[in-house]
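# Topology and contacts: notes
Residues per chain are reported as follows:
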Amino acid sequence: MTSHPLDPLTEHEISASVLVIRQQAGLDKSAWFETITLDEPDRTLGPAGASERRAYVCCYEPSSNRTYVGVVRIMAAELESWGHVPGAQARIVTEEFALGAEMVRADERFQEACARRGITDLDKVLVETWSAGNFGLEEEQGMRLAYCYCWLINDAGDNRYGRPIGNLHPVVDLRRRKVVRIDDFGVIDIPPDTAAIRPTENLRSDIKPLEITQPEGPGFVVDGFHVAWQKWSIRVGFDIREGLVLHNISYLDQGRPRPVMHRVSMPEMVVPYGDPSPGNFRRNAFDTGEYGIGLALDALELGCDCLGHIHYFDVCTHDWQGNPVIKKNAVCMHEEDFGLLWKHTDAVTGKARTVRSRRLVISSICTIGNYVYGFYYYFYQDGTIGVEVKATGIPFPTAIAKGEVPEYGTIIAPGIQSHVHQHAFCFRFDMSVDGDHNSVSEVEFNTPPIGPANPQGNAIEITERNLPSEAQAQREINMASARYWRVSNPNCLNTFGNPTAYKLAPGSNALPFLHSESSVAKRAAFMFKHFWATPYRADEKYPAGWFPNQGEGGLGLPEWTKADRSLENTDLVVWYTLNFHHLPRPEDWPVQPVVYASFEWMPDGFFSENPALDVPPNRL
Ligand code: CO
């Protein structure tokens, strides 16, 4: 198989890149690999830019507390660039998580704190070393700091988060590999054990088989990482930080492929929690930028939620020594029957036509500690692209003293509270609606006053206004005006003489409750606007900056958009934040039923009529 420039790095390419770094980068033996991923060709350079496979590599060197980044030319086996990034802290990788926990369990002060709570078997204690953030504290400067949360595994042995250990927070310097201190804010009784996740008894017995069969096989054609499905053409990609990536999305219209997007990914997310107490104010997770979604993808050979004929894509990640780690079945693809596509019944003749909807689903699931996120991209027959996040797993449990009423959470089990929080996912859409010259606009609806033009007061005024520059393209959802956004191509007109366009139709969403002066608000500025647009730049990838771990904030979108660059008839990137506001319920314990949050890109004058008129009826 000849590889495409956008194919994820192979096992061999990762090993080859590691060798180049070890031999040429001048790092000492303590250095480890945060990231080895495809350095995607800068598409503005044309085919020449894509002629060579390159790896983007980030290393952390504990001896010097330095983070380095660079690019390896894989075939030439040489460094194209390499340099220290002042002030940057690499992501916290899996091995550091494990190392941090080990250090804490071996610490006498921690053992004493556990003993005060009646815990003697340290093997049953889960310690998680979360990024400590940046609160400007003098004594924390120069450390690679992690703030820890602790739990006791349940008796059934299937829930490591089953019994939260209250008020106990070790503080770890991952660079020097030492426990800095143990924050113990007072003993709270260990909650009773109610948290079995895999019951084997009293399972319901009235579920009958529901079979999905595809006797003629699937409707998609796969060639390496390229997928053709009905009129859609898509390239599957992977990044160790962002996880699933899609490239080169186009729709075949009367035999002509029409581009819609160059690239789609979820380059940052944050989960800020709302409890201000000393042990919990630091709790927020930039799961993409601080830990890496791609690193945490589930190998779906262990189980996947899909039915029917499934095609899996394997991807290659790596451990911190740079050894390649094949992740089998990391990306899942299948077709789904999706109920009604369209229907009309003629009331006079009684004739009806009912057409069922089919969608192509490309998804991946990532497990980060207690939580599980499923990322689903849907391609519909009518040209719509759906984006959905499924949130499940164990809501973050914290112990609460008997009789205490939670102020910033709910009681979800005896002795356990779970704090109010949000999950904000920032998606990046590198647009190409009928080509690389696009503009962006906002559509709103208003009630004009009663007067000669609106004598009965029923008028709904439609306004579409251009968002000509970055400062004007930072927008929030507004239910009062039914606001949405369009990306159009002024150089490409539809049958009605209007620019062809896609609209971004928001679904459920929320705004942040963070105080604008808070540390996390500065670091996650992207979540204060649902919609941002920027001109395309190959190096503008992460809305909270390249190194959010312990970062001060202000980087990424807020920094780039200060220039207030033009968005007119140019190469555009749209950023949309999907925020899921969550006050956990007792029903979310011990494991949360999936919560769905989604939005859609719909063709809006991209076609001249319903593009799914040609879908035959009754074809199941
Ligand atoms: Co939640």
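Going by the structure above, here's the rest.
Below or above, wherever it landed, is the structure these notes cover. Not measured: the values here are computed from a predicted model.

### Considering the nonpolar core
- Ranked by internal contacts, the top residues of the largest apolar core, which has 108 residues, are Phe427, Phe429 and Trp601.
- No other element matches strand E6 (residues 145-152), which puts 8 residues into this core.
- Each of two domains, domain 2 (94-184) and domain 3 (230-394 + 427-434 + 490-575 + 594-603), supplies a minimum of three residues to this core.
- Filtering out sequence-adjacent residues up to four positions away, Trp601 remains in contact with Met261, Gly383, Thr384, Ile385, Phe429, Met431, Val487, Tyr502, Lys503, Leu504 and Val574.

### Digging into the sheet that holds strand E26 (residues 461-466)
- On the basis of which strands lie adjacent, the open sheet formed by 10 strands has the order E16-E17-E18-E19-E20-E32-E29-E28-E25-E26 and antiparallel pairing. Taken across any chain shown, the strands that pair with only one partner, and hence form the sheet edges, are strand E16 (311-318) and E26. Put simply, the sheet's adjacent strands are angled 25 degrees from each other on average, direction ignored.
- Of the strand pairs in this sheet, strand E25 (residues 439-446) and strand E28 (residues 484-493) are connected by 5 bridges, and their pairing is antiparallel. Its bridge partner lying in E28, Ser441 is registered against Arg486.

### Details of the packing of aromatic side chains
- Applying the stated criterion across every chain yields a total of 36 aromatic pairs.
- Arranged with centres 4.8 Å apart and planes meeting at 70 degrees, the rings of Trp151 and Tyr161 form a pair that is edge-to-face. Here Tyr161 lies in the loop between E6 and strand E7 (163-164) and Trp151 lies in strand E6, a separation of 10 residues in the sequence.
- What makes Trp151 buried here is its relative accessible area of 1%.
- Overall, the relative accessible area of 8% leaves Tyr161 in the buried class.

### What about the coordination of the cobalt ion?
- Protein ligation of the cobalt ion involves Tyr371 (OH), His421 (NE2), His423 (NE2) and His582 (ND1), the donor distances falling in the range 2.0 to 2.5 Å.
- One can describe the donor arrangement at the cobalt ion as irregular, given that its 4 donor atoms subtend angles of 90 to 154 degrees at the metal.
- Expressed as a motif, the donor residue spacing for the cobalt ion is Y-x49-H-x1-H-x158-H. The exposure classification of His421 matches that of His423, with both residues buried.

Basis of the calculations
- Residues numbered from 1 in each chain as written.
- Predicted model: local features only at pLDDT ≥ 70, side-chain atom pairs only at ≥ 80, totals over all residues.
- Heavy atoms only, no water.
- Core = buried A, V, L, I, M, F, W, Y, C linked by side-chain atoms within 4.5 Å.
- Buried < 20%, exposed > 50% of the residue type's maximum accessible area, 1.4 Å probe, protein only.
- Helix = DSSP H or I, 4+ residues; strand = E, 2+ residues; numbered from the N terminus.
- Domains from an automatic or database assignment.
- Contact = heavy atoms within 4.5 Å.
- Pairing = 2+ DSSP bridges.
- Axes fitted to C-alpha atoms, helices over the stretch in contact; angles between N-to-C directions.
- Phe/Tyr/Trp six-rings, centres within 6.5 Å; stacked < 30°, edge-to-face > 60°.
- Donors = N, O, S within 2.8 Å, 3.2 Å for Na, K, Ca; no water.
- Tetrahedral: all angles 85-135°; square planar, octahedral: opposite > 155°, others 65-115°.

Purely spatial values, then, with no claim about function.
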